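Below, each chain spelled out in residue letters.
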Protein chains: 2
Amino acid sequence: MAQLKLSIVFGSGARIGPGKAALLESVRDTGSISAAARGMGMSYKRAWLLLDSMNQAFAEPVVTAASGGMRGGGAQLTSFGAELLERYRRMEEQAAALAADDLAALARMALPEAGPKI
Amino acid sequence: MAQLKLSIVFGSGARIGPGKAALLESVRDTGSISAAARGMGMSYKRAWLLLDSMNQAFAEPVVTAASGGMRGGGAQLTSFGAELLERYRRMEEQAAALAADDLAALARMALPEAGPKI
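Predicted model only: the values in this text are computed from it and were never measured.

1. Topic: the nonpolar core
Grouped together as the largest cluster of nonpolar side chains are 74 residues, with contacts concentrated most on Phe 58 of chain A together with Phe 58 of chain B. Phe 58 of chain B has contacts with Leu 106, Met 109, Ala 110 and Leu 111 of chain A together with Phe 10, Ile 16, Phe 80 and Leu 84 of chain B, leaving out every residue within four places of it along the chain.

2. Looking at the side chain of Ser 7 of chain B
With respect to the helices and strands, the residue Ser 7 of chain B is situated in strand E1 (residues 2–10). Here Ser 7 of chain B is in contact with Gln 3, Leu 4 and Lys 5 of chain A together with Arg 15, Ile 16, Gly 17 and Pro 18 of chain B, once residues within four sequence places are set aside.

3. Regarding helix H1 (residues 18–30) of chain B
Residues and elements named next belong to chain B. Spanning 13 residues, H1 covers 18 Å between terminal C-alpha atoms, matching the ideal 18 Å at 1.5 Å per step. Taken as a whole, H1 has its buried residues at Lys 20, Ala 21, Leu 23, Leu 24, Ser 26 and Val 27. Tucked inside the fold, the buried residues of H1 contact strand E2 (15–16), helix H2 (33–39), helix H3 (44–57), strand E3 (63–65), strand E4 (75–77) and helix H4 (79–109).

4. Regarding the interface of chain B and chain A
Taken together, the 50 residues of chain B in the interface contact 50 residues of chain A. Both sides together, the interface formed by chain B and chain A hides about 4,300 Å², and carbon and sulfur atoms give 67% of it. Along the contact surface separating chain B from chain A lie 4 salt bridges. Arg 87 of chain B serves as the salt-bridge partner of Asp 102 of chain A, at 2.7 Å between the closest nitrogen and oxygen. Joining chain B to chain A, the criterion identifies 14 residue pairs in polar contact (both at pLDDT 80 or more). Residue assignment for the side of chain B that touches chain A shows that the elements contributing at least two residues are E1, H3 and H4 of chain B. Counting residues per element, the side of chain B that touches chain A draws most heavily on H4 of chain B, which supplies 16 residues. Residue composition of the side of chain B that touches chain A, by class: 30 nonpolar, 9 polar and 11 charged. Across 9 bridges, strand E1 (residues 2–10) of chain A lies against E1 of chain B in antiparallel orientation. The partner of Leu 4 of chain A across the bridge, within E1 of chain B, is Ile 8 of chain B.

5. Observations concerning the relation of the copies chain B and chain A
Note on the chain copies: they are related by a rotation about an axis and a translation along it. Expressed as a screw transformation, the operator carrying chain B onto chain A has a rotation angle of 180 degrees and an axial translation of 0.0 Å, and the superposed copies differ by an RMSD of 0.0 Å. Taken together, the rotation and translation relating the two chain copies correspond to the operation of a two-fold axis. Mapped onto chain A, 100% of the interface residues of chain B again fall at the interface, so both copies present the same surface.

6. Regarding the packing of aromatic side chains
Residues and elements named next belong to chain A. As enumerated under the stated definition, the model contains 4 aromatic pairs over all chains in all. Each ring, one from Phe 10 and one from Phe 58, has its centre 5.1 Å from the other, and the planes form 90 degrees; the classification is edge-to-face. Taken together, the residues Phe 10 in strand E1 and Phe 58 in the loop between helix H3 (44–57) and strand E3 (63–65) connect sequence positions 48 residues apart. Each member of the pair, Phe 10 as well as Phe 58, carries the same accessibility label: buried. One aromatic cluster is present, built from ring pairs that chain together Phe 10, Phe 58 and Phe 80.

7. Re the side chain of Asp 52 of chain B
All names here are of chain B. The residue Asp 52 is located in helix H3 in this model. Here Asp 52 sits buried without a salt bridge, and the closest side chain of opposite charge, Lys 20, lies 11 Å off (N-O distance). Within the structure, the side chain of Asp 52 is placed 2.7 Å from the side chain of Gln 56, a separation counted as a polar contact.

8. Here's the deal with the environment of Arg 38 of chain B
Residues and elements named next belong to chain B. Its place among the elements puts Arg 38 in helix H2. In this structure Arg 38 comes out as exposed when scored by relative accessible area, which is 62%. Along the chain, Arg 38 and Arg 89 lie 51 residues apart, while their C-alpha atoms are 22 Å from each other.

9. Here's the deal with the pairing of E1 of chain A
Residues and elements named next belong to chain A. A large share of E1 lies buried, amounting to 7 of its 9 residues. Two elements, E1 and strand E2 (residues 15–16), share 2 bridges in a ladder whose sense is antiparallel. Paired with Ile 8 across the strands is Ile 16, a residue of E2. Hairpin connection from E1 to E2: 4 residues lie between these consecutive antiparallel strands, with Gly 13 at a positive phi of about 100 degrees.

Rules used in this analysis
- Residues numbered from 1 in each chain as written.
- Chains lettered and ligands numbered in written order.
- Predicted model: local features only at pLDDT ≥ 70, side-chain atom pairs only at ≥ 80, totals over all residues.
- Heavy atoms only, no water.
- Core = buried A, V, L, I, M, F, W, Y, C linked by side-chain atoms within 4.5 Å.
- Buried < 20%, exposed > 50% of the residue type's maximum accessible area, 1.4 Å probe, protein only.
- Contact = heavy atoms within 4.5 Å.
- Helix = DSSP H or I, 4+ residues; strand = E, 2+ residues; numbered from the N terminus.
- Expected span 1.5 Å × (residues − 1).
- Buried area = accessible area lost by both parts, 1.4 Å probe.
- Salt bridge = Lys/Arg side-chain N within 4 Å of Asp/Glu carboxyl O.
- Polar contact = N/O pair within 3.5 Å; in protein donor to acceptor, adjacent residues only side chain to side chain.
- Nonpolar A, V, L, I, M, F, W, Y, C, P; charged D, E, K, R; others polar.
- Pairing = 2+ DSSP bridges.
- Least-squares fit on C-alpha atoms with pLDDT ≥ 70 in both.
- Phe/Tyr/Trp six-rings, centres within 6.5 Å; stacked < 30°, edge-to-face > 60°.
- Lys, Arg positive; Asp, Glu negative; His and termini not counted.

So, in structure tokens, the structure goes:
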């Protein structure tokens, strides 16, 4: 088994990868930063920092507070946040579909246990 | 401007991404681990560890010493190492071609300077 992971690196150095995409999805589904953080096993602070870094990287925010500030009562994806997530998931699916044969060939050569991860 | 980065994650946890692919390429082109390391601005030790981790992750090594051990006189990609590199580059090109429109749309929204990188 082998999995493809996609990251987008912008000119500013900002990055969007599987972790941030999953966090956006979790905010969308739970309507809350703290529930999203809990669901992903990360601290509220970490989730907030990740979302804030995305909000700072684009001309439009990806997440807004429903009320009471980003710390307060709920949060939701903006339409740009939803678009970012949708584009990321589409790129991921297309890449995985196209890479399926190459991935399978490499997975057949991979040992079940490898050396140290670096 | 936005760039797509691909990583393959195997069942063992072993990963192949842009850095390891570039290192394989550099060993192929220079025939030497130390020259490859220099060309990539990394220490010999770091390059050796990265190559060794790839050698341990698959049923066949990716790099072999031409003579005198991996520390000694030159190194070259094995046929599997060349295959791994070729498959990685093909997946990368295909993904980038397919993702071009989505990437361009996101790059248009990206600010030239972002907040802290996380």
